[in-house]
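# Close look at the chain arrangement
Given next are the chains, with one letter for each unit.
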Amino acid sequence: TKFKRKDEGGSCCGVMECIICQPLDILKTRLQLTAHPASFRSLTSILLQERGLLQFYRGVAAPLAGMVPKNAVWLASNEEIKTWLTQRAGLQHPNSLIRFQA
């Protein structure tokens, strides 16, 4: 069904969010915990040299377990509500809602 496709799309968004944001979150946390100021670039190179690329994805399972279902439900619900509002307002396209609300 359409809802299932939207649900799967939201799940994919959750996975991509984790893959992209997890390394940035690791770097942010490390920068906050360092006693001496370090640059973003220098900390990245130090972590890559000392621990490798997988260091940036350490502990990714917990955020992944939360973001995937959250994004799946949010995206699918948002799209369904937008479609329902479009039909209820008698509009042809969901983007017409923007003009309708203004």
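Procedures and definitions
Residue positions are given per chain, counting from 1 as you read along its sequence in written order. Per-residue local features of the predicted model are confined to residues with pLDDT of at least 70, and side-chain atom pairs are confined, for both listing and counting, to 80 or more; whole-chain, interface and lining totals are unaffected and use all residues. As a rule here, side-chain values cover all heavy atoms of the structure and leave hydrogens and water aside. pLDDT runs from 0 to 100 and stands for how confident the predictor is about each residue. In DSSP terms, a helix is any run of H or I states spanning at least four residues, a strand is any run of E spanning at least two, and both are numbered starting from the N terminus. For patches, a residue must show more than 30% relative accessible area and have no salt bridge; joins then use 9 Å for like charges and 5 Å for nonpolar side chains, namely Val, Leu, Ile, Met, Phe, Trp and Tyr. Residue exposure ignores everything except the shown protein chains as possible cover, and the areas themselves are Shrake-Rupley values with a 1.4 Å probe. Basic side-chain nitrogens of Lys or Arg form a salt bridge, by our definition, when they fall within 4 Å of a carboxyl oxygen of Asp or Glu. Only protein chains enter the accessibility calculation, which uses a 1.4 Å probe; a residue is then buried when its area is under 20% of its type maximum, exposed when over 50%, and partly exposed in between. As used in this record, nonpolar core signifies buried Ala, Val, Leu, Ile, Met, Phe, Trp, Tyr and Cys residues forming a set joined through side-chain atoms within 4.5 Å. Only heavy atoms enter the contact rule, under which two residues are in contact if any of them lie within 4.5 Å.

## Some thoughts on the confidence of the model for the protein
Detailed reading of the predicted model is not advised wherever pLDDT is low. Here the protein averages 83 in pLDDT, while 88% of its residues score no lower than 70. Confidence, read as mean pLDDT per element, is least for helix α4 (residues 96–101) in the protein (55) and greatest for helix α2 (residues 40–51) (89).

## Remarks on a nonpolar patch on the surface
Taken together, the side chains of Val 15, Met 16, Ile 19, Ile 20, Leu 24 and Phe 40 define a hydrophobic patch exposed on the protein surface, amounting to about 530 Å² of accessible area. For the nonpolar patch, the leading source of residues is helix α1 (residues 2–33), giving five residues. Looking at where Leu 24 falls in the secondary structure, it is placed in helix α1. Judged by its relative accessible area of 45%, Leu 24 falls in the partly exposed class.

## Brief notes about the nonpolar core
By size, the foremost hydrophobic cluster in this structure holds five residues: Ile 26, Leu 27, Leu 43, Leu 47 and Phe 56. Contributions of two or more residues to this core are made by α1 and α2. Beyond its immediate stretch of four places on either side in the chain, Leu 27 contacts Phe 40, Leu 43, Thr 44, Leu 47 and Phe 56.

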